[in-house]
Amino acid sequence: MTLYNYPEYYDIAFGYRDLDLECDFIEKQIAVHSRSNNFSLLDIACGTGSHLVEMGKRGFEVAGFDISPKMIEYARKKAELNGVDAHLWIDNMVSFRTSRKYGCAINLLTGFNYLLRNEDVESHLYRVGNVLEPGGLYIIEMNHPREFITNKPSTSNSWVELNEDIEVEVDWDNERSEINLLTHIVTTRPIIRIKDKKKQLTIKMEEKFRIYLYQEILHFVKCSEHFELVNAFGSFRFDKPLDNTRDSWRMILVLRKK
Ligand SMILES: C[S@@+](CC[C@H](N)C(=O)[O-])C[C@H]1O[C@@H](n2cnc3c(N)ncnc32)[C@H](O)[C@@H]1O
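Predicted, not measured: the structure shown is a model, and the values here were computed from it. (Residues numbered from 1 in each chain as written. Predicted model: local features only at pLDDT ≥ 70, side-chain atom pairs only at ≥ 80, totals over all residues. Heavy atoms only, no water.)

**Some thoughts on helix α2 (residues 19–33)**
A rise of 1.5 Å per residue sets the reference length of α2, with its 15 residues, at 21 Å; its end C-alpha atoms lie 21 Å apart and thus fit the reference within 8%. Taken together, the buried positions of α2 are Glu 22, Cys 23, Phe 25, Ile 26, Gln 29, Ile 30 and His 33. One side of α2 carries all its buried residues, which in axial view fall inside an arc of 150 degrees. Of the residues in α2, the exposed ones pointing more than 90 degrees away from the buried face are Ala 31 and Val 32. Looking at the buried residues of α2, the elements they touch are β1 (40–44), α3 (50–57), β4 (102–107), β5 (132–143), β12 (227–233) and β13 (250–257). (Helix = DSSP H or I, 4+ residues; strand = E, 2+ residues; numbered from the N terminus. Expected span 1.5 Å × (residues − 1). Buried < 20%, exposed > 50% of the residue type's maximum accessible area, 1.4 Å probe, protein only. Arc of directions from axis to C-beta. Contact = heavy atoms within 4.5 Å.)

**Considering the sheet that holds strand β9 (residues 191–196)**
Overall, antiparallel pairing links the four strands, which are arranged β6-β7-β9-β10 in an open sheet. In the strand order of this sheet, the two ends are held by β6 (158–163) and β10 (199–204), each with one partner. Ignoring strand direction, the axes of neighbouring strands in this sheet form an average angle of 10 degrees. Of the pairings in the sheet, the one linking β9 to β10 comprises six bridges and is antiparallel in character. Across the sheet, residue Ile 192 finds its bridge partner in β10, namely Ile 203. (Pairing = 2+ DSSP bridges. Axes fitted to C-alpha atoms, helices over the stretch in contact; angles between N-to-C directions.)

**Some thoughts on the pairing of strand β3 (residues 86–90)**
Where strand β2 (residues 61–66) and β3 come together, five bridges link them in parallel fashion. Pairing of Gly 64 across the sheet is with Leu 88, part of β3.

**Describing the site of the ligand**
Contacts to the ligand come from 18 residues, most closely from Tyr 10, Arg 17, Ala 45, Asp 66 and Met 93. Side-chain polar atom of Tyr 10 to an oxygen atom of the ligand: 2.6 Å apart, as the coordinates give it. Taking 590 Å² as the accessible area of the ligand by itself, protein coverage stands at 93%. Tallied by class, residues from the shell around the ligand come to ten nonpolar, five polar and three charged. (Near = heavy atom within 4 Å. Polar contact = N/O pair within 3.5 Å; in protein donor to acceptor, adjacent residues only side chain to side chain. Areas by Shrake-Rupley, 256 points an atom, 1.4 Å probe, with all protein chains shown as cover. Nonpolar A, V, L, I, M, F, W, Y, C, P; charged D, E, K, R; others polar.)

**Describing the sheet that holds β3**
As summarised here, the arrangement of the seven strands in space is β3-β2-β1-β4-β5-β13-β12, forming an open sheet in which the pairing is mixed. Two strands close off the open sheet at either side, each with one partner strand: β3 and β12. Each strand axis lies, on average, 15 degrees off the axis of its neighbour in the sheet, ignoring direction. Where β1 lies against β2, five bridges are found, and the strand directions are parallel. By the bridge assignment, Leu 42 is partnered in β2 with Ala 63. Each of β2 and β3 is contacted by helix α4 (residues 69–81), which is oriented at about 170 degrees to β3, the strand it contacts most. Contacting β5, β12 and β13, helix α7 (residues 214–224) runs over the sheet at an angle of about 155 degrees to β12.

This is the structure in structure tokens:
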């Protein structure tokens, strides 16, 4: 069972995110760092497609893929409802192919952390490099590296969100394991409890994700030959660099295709 099979509840669970702020951030990074005139955007592991739909409304030509058919089906409906013409398909970020070229790619929340092996990261960066125009950006949001050092999440991972009469209670770090010092992989068994009018549902997941260190990513980027790192942030606020202060709680990297 996975929350990714219940996109409508996923959107409620992650409804605390500030979509406008995050899309402003993407636009600003493009304005400042991109050297491509191609105003198209590929959302990798796009989930329910909220960001690509918002970027479509802002005038970008948008596309996205995800490994979950339910997420893609839902993202298609969302795009249609919002009058956004989006190219959406089911694919794996390790092995995806597309003949189109994009001016920017994004991979938000923790999609990148599902790349568990070095070979997966190498293959992924190679493929993203191939679909970006020279000078185009790849913006990646992932867990803060302090989670590796301290083996604790950098924020509370239990929360409740309410949308009209649907309540979604999330305990993402249930039974969180010690980080494996050789693979950098953590396992958790997230529990999501849903109260939807008369229906109640409990989703019990089993998750494996990898926490990346900053230096490790720099090395992957250098070895990929496609990219250079142009900026690193600790949140979607422009004035919050990646560092070890409390309000730096994500690792958001801006890569540029050479
Ligand atoms: C935490 S969600 C993030 C979704 C979206 N980027 C967002 O910001 O809401 C992670 C997404 O990654 C997708 N995913 C996991 N492994 C994947 C893979 N190998 N290839 C493509 N998508 C993957 C999941 O189906 C899920 O939709």
